[in-house]
Amino acid sequence: MIVRKLQEAEKTDRRIVSEGWESTRLLLKNDNMGFSFHITTIYEGADLHLHYQNHLESVYCISGEGSVMAEEDGVVHEITPGTIYILDKNDKHVLKAKSEMKMACVFNPPLHGKEVHNAEGAYELDAEEVQDEK
């Protein structure tokens, strides 16, 4: 059994801070669960252009308000507490925060823990994962 507390994890290197967001990674690849689980804060006013080319993601809004738009169809979906959105097709998307948003996020394949977005708004795969895809 794995037990972790968010408040304790936030004081460790599991907390990653980047432009427009921060994320505390509570479950990572080395936990061997096949997915990673994070509590992510999207800062008020953030306008993030993302494209998780290598990962599928599910995002549940705990608090705050914003919107997400899939670039493929341009439809804007409002995000409020209790909303989940699932990026099941490696969707290019734009995430905007009207107010600070707390989100619970699940990634498959799991993250290692230190990732931040690259120029395309994606997380890179490690060499082992790239080899597994071939």
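These numbers were taken from a predicted model, which means no experiment stands behind them.

### Here's the deal with the pattern of salt bridges
Pairs may arise between side chains of opposite charge once their charged atoms sit close together. Taken as a whole, this structure holds 4 salt bridges when the rule is applied. Between Arg 4 and Asp 31 there is a salt bridge, and its shortest N-O distance comes to 3.0 Å. A residue pair is termed long-range when its members are at least 10 positions apart, and Arg 4 in the segment before α1 (6–9) and Asp 31 in the loop between β2 (21–27) and β3 (36–42) qualify at 27 residues. You can call Asp 31 buried: its relative accessible area is 12%.

### A closer look at the nonpolar core
Residues Ile 42, Leu 48, Ile 79, Tyr 85, Leu 95, Met 101 and Met 103 are the most contacted members of the largest nonpolar core, which totals 21 residues. Broken down by secondary-structure element, the contributors of at least two residues to this core are β4 (47–51), β5 (56–63), β8 (84–87), β9 (92–97) and β10 (101–108). No other element matches β10, which puts 4 residues into this core. In this structure, Ile 79 is in contact with Cys 61, Gly 64, Glu 65, Gly 66, Ser 67, Val 68, Tyr 85, Leu 95, Met 101 and Met 103, ignoring residues within four places of it in sequence.

### Here we look at the environment of Val 59
For Val 59, the location among the structural elements is in strand β5. Between the C-alpha atoms of Val 59 and Lys 102, which are 43 residues apart in sequence, the distance is 10.0 Å. In this structure Val 59 touches Thr 83, Ile 84, Tyr 85, Met 103, Ala 104 and Cys 105, once residues within four positions along its chain are discounted.

### With respect to the pairing of β5
For β5 and β10, the ladder comprises 7 bridges, and the chain directions are antiparallel. Opposite Val 59, over in β10, you have Cys 105 as the bridge partner. Of the strand pairs in this sheet, β5 and β8 are connected by 4 bridges, and their pairing is antiparallel. Counted as the bridge partner of Glu 57 is Leu 87 from β8.

### So, the layout of surface pockets
To find leftover empty space, a probe the size of one water molecule is rolled over the atoms. The computed volume of the largest pocket comes to approximately 360 Å³. Sort the elements by how many residues they give to the lining of the largest pocket and β8 lands first, with 4 residues. Across the lining of the largest pocket, the residue classes break down as 8 nonpolar, 4 polar and 7 charged.

### What about the sheet that holds β10?
If you trace the 6 strands from one edge of the open sheet to the other, you get β1-β2-β3-β10-β5-β8, paired in antiparallel fashion. In this open sheet, the two strands that pair with only one neighbour each are β1 (15–18) and β8. Here the strands of the sheet are splayed against their neighbours by 20° on average, with no regard to which way each runs. Bridge analysis of β1 against β2 gives 4 bridges, and the strand direction is antiparallel. Bridging across to β2, Val 17 finds its partner in Glu 22.

Conventions adopted
Residues numbered from 1 in each chain as written. Predicted model: local features only at pLDDT ≥ 70, side-chain atom pairs only at ≥ 80, totals over all residues. Heavy atoms only, no water. Salt bridge = Lys/Arg side-chain N within 4 Å of Asp/Glu carboxyl O. Helix = DSSP H or I, 4+ residues; strand = E, 2+ residues; numbered from the N terminus. Buried < 20%, exposed > 50% of the residue type's maximum accessible area, 1.4 Å probe, protein only. Core = buried A, V, L, I, M, F, W, Y, C linked by side-chain atoms within 4.5 Å. Contact = heavy atoms within 4.5 Å. Pairing = 2+ DSSP bridges. 1 Å grid on protein atoms, 1.4 Å probe; cavity = no way out; pocket = protein on both sides within 12 Å on 5 of 7 lines; lining within 4 Å. Points joined across faces, edges and corners; volume = space filled by probe spheres on them. Nonpolar A, V, L, I, M, F, W, Y, C, P; charged D, E, K, R; others polar. Axes fitted to C-alpha atoms, helices over the stretch in contact; angles between N-to-C directions.

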